[in-house]
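# Per-entry structural report
Chain residues, written in single-letter form:
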Amino acid sequence: MEKLAMPILFFTPLLWTACLSEDGPTSALQETVAPAATAEEQCLSLRQLRGQLLQADDREFHEDQIMDHATEVSRRQNGTSGVHKGMVSHEAIEDVSITGTVIGSCKTYLCGTFAKDRSCQCNDRCTRYKNCCADYVEQCASHESNRMVAPAHLPYGHPSLKNYPRHNGFTLWLVEDFDQPIDLDNDPIWTWSDGGLKEGQVRFTKEQISFNGGKMQIRVQKNTGSQQPCSHAQTEIVPRKPLVSGELRTRYNMFRYGRYEVRMRAPHVQFLKPQVDGNFVASMFVFRAASFRHWREVDVEVTGRRAGAISTNVLNADHTSRWHRWIEQTDYPKTYPGINVRAEFHTYAFEWLPGVIRWYIDGRKVREKRNDNLKVPEMSAKVMLNLWIYRPTKYPFGGFELKNDRFPMQSEYDWFRFYRWNGDMHYPPSDMDPKGLSKDDLYLTSNNPCDGIPQVGLVEKNGRQYPACYAKCR
């Protein structure tokens with residue numbers, strides 16, 4: 001954002017005291033200020049900064065600390081070391097225009113959000129600290145009745161514990177402890193996929209997902225059955241695959257900003273030999289395919305390449321049916337020494353927020369991605385947990401030692417948790433009812449022929465449109 005040219009302001013003790021008072025500038029104060037800006041405009045600048053610092057730690061700051069901060073910013077911007085403490089540039093106080101209107105916007109920041117590095121805020125405490133963005137009332141306060149209210153019966157899903165960890169700024173929304181089987185044909189949130197990745201050797205089926213001993217198992221084995229060629233999840237014909245596996249997924253594109261956590265153990269490629277490397281991809285991710293009208297994806301992928309091989313990815317593209325390197329940012333191949341993802345359970349998490357994603361392994365942050373040439377996904381998606389094997393090729397993703405794979409092999413999931421970000425007023429709907437989703441959210445969203453979700457829309461591929469294929473529930 002281009003900075004507006006601002007006059008240098010000279011703050012006398014009278015001006016400073018009056019600005020921080022609740023009564024605002026006095027007539028005496030107005031006589032002390034430079035004619036280029038009114039006293040109200042200058043006071044707004046200082047109050048924005050004061051509110052920013054006060055709200056950041058929710059405690060009283062001394063006025064001289066605030067002044068020191070503004071003076072230091074001004075010194076850095078002007079390249080000087082001897083700036084007088086009473087001389088502060090408007091440029092040192094970000095996002096305040098020449099008229100005193102805050103440039104930062106709640107339309108951009110989203111209601112309910114707070115960040116230290118902003119001069120204006122959009123959460124419900126900004127009125128207390130007098131540092132609301134100019135459009136706060138229009139964007140947030142005037143629509144207070146429409147803001148999402150967390151249901152009293154949270155979390156959704158099948159929780160088994162009375163208490164769960166808390167995360168500041170997030171609300172626990174969905175829990176699966178897998179202590180009881182999930183009815184994959186009738187559960188209101190979860191279902192199964194009938195898809196099969198082009199680059200993979202597996203076709204997903206319901207039968208490869210099971211629940212035993214307080215855990216979910218996803219198993220890969222030789223394909224000795226028959227599957228219908230049409231895949232609802234892929235919205236196209238899938239050739240027969242040599243292996244079958246499973247993918248648990250949510251029914252609708254209704255998940256967006258929040259914290260996603262899973263505790264899982266990757267498969268042994270050979271029975272009771274966790275040290276043997278092979279090929280597999282065991283994952284937790286969010287994915288919006290919509291027949292590649294909108295490709296949005298955030299991944300944690302544990303692979304068979306090494307004992308500590310864990311990769312994190314983000315993809316963002318529109319109107320493409322093929323992968324290109326410029327639509328993805330990944331840290332693959334990444335290996336974490338000292339852990340064996342096949343021998344023991346580990347906890348994987350990512351926080352997906354507007355403009356930033358942070359990944360965690362066993363509670364430790366391992367990566368952060370912000371908006372750059374590849375934007376952080378901004379559209380709702382489905383949550384997916386799956387296990388698959390790459391096709392034989394010279395450089396197979398997921399591990400070079402395909403020859404070591406022995407079937408069946410299975411991954412185990414101890415639990416899954418989703419914490420909704422408190423700043424997201426749209427996803428998921430408070431009642432988890434798909435009626436609250438947009439037409440684009442529901443575009444070609446069926447997952448399998450038995451989920452009862454209509455395939456609405458045409459497949460978009462290579463600049464053309466095609467009817468989606470249909471399979472029968474059997």
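Refer to the structure presented above.
Residues numbered from 1 in each chain as written. Predicted model: local features only at pLDDT ≥ 70, side-chain atom pairs only at ≥ 80, totals over all residues. Heavy atoms only, no water.

## Some points on the packing of aromatic side chains
Within the structure shown, the criterion is met by 14 aromatic pairs. When the centroid spacing of 5.8 Å and the interplanar angle of 85° are considered together, the rings of Tyr257 and Trp421 count as edge-to-face. You can see Tyr257 sitting in the loop between strand S12 (247-250) and strand S13 (258-265) and its partner Trp421 sitting in strand S22 (residues 409-421), a full 164 residues away along the chain. The same class applies to Tyr257 and to Trp421, which are both buried. (Phe/Tyr/Trp six-rings, centres within 6.5 Å; stacked < 30°, edge-to-face > 60°. Helix = DSSP H or I, 4+ residues; strand = E, 2+ residues; numbered from the N terminus. Buried < 20%, exposed > 50% of the residue type's maximum accessible area, 1.4 Å probe, protein only.)

## Some points on the sheet that holds strand S17 (residues 328-330)
Hydrogen bonds between backbone atoms are what pair the strands of a sheet, whose relative direction is either parallel or antiparallel. The 7 strands are arranged S5-S12-S21-S14-S15-S16-S17 in an open sheet whose pairing can be described as antiparallel. Every other strand in the sheet has two partners, leaving strand S5 (190-192) and S17 as the edge strands with one partner each. Within this sheet the neighbouring strands show an average axis-to-axis angle of 20°, counted without direction. In the sheet, S5 pairs with S12 via 3 bridges, with the strands oriented antiparallel. (Pairing = 2+ DSSP bridges. Axes fitted to C-alpha atoms, helices over the stretch in contact; angles between N-to-C directions.)

## Examining the side chain of Glu176
Tracing the backbone shows Glu176 in strand S4 (residues 170-176). For the buried Glu176, no salt bridge exists, and the shortest N-O distance to an oppositely charged side chain is 11 Å, to Arg417. One polar contact links Glu176 to Trp190, side chain to side chain, over a distance of 2.8 Å. Among residues more than four places away in sequence, those in contact with Glu176 are Gly157, His158, Ile182, Trp190, Trp415 and Phe416. (Lys, Arg positive; Asp, Glu negative; His and termini not counted. Salt bridge = Lys/Arg side-chain N within 4 Å of Asp/Glu carboxyl O. Polar contact = N/O pair within 3.5 Å; in protein donor to acceptor, adjacent residues only side chain to side chain. Contact = heavy atoms within 4.5 Å.)

## Some thoughts on the nonpolar core
Met216, Tyr260, Tyr348, Phe350 and Phe416 are the most contacted members of the largest nonpolar core, which has 74 residues in total. Broken down by element, the residue count for this core peaks at 6 residues, all from S22. Setting aside residues up to four positions removed in sequence, Met216 forms contacts with Phe178, Ile209, Ser210, Phe211, Leu248, Leu385, Ser411, Glu412 and Tyr413. Judged by nonpolar contacts, the second largest core, of 11 residues, contains Cys120, Cys132, Cys133 and Cys140. (Core = buried A, V, L, I, M, F, W, Y, C linked by side-chain atoms within 4.5 Å.)

## Focus on the side chain of His346
Along the chain, His346 turns up in strand S18 (residues 346-353). A polar side-chain atom of His346 sits 2.9 Å from a polar atom in the side chain of Glu344. Polar contacts involving the side chain of His346 include one to the side chain of Asp362, which spans 2.7 Å.

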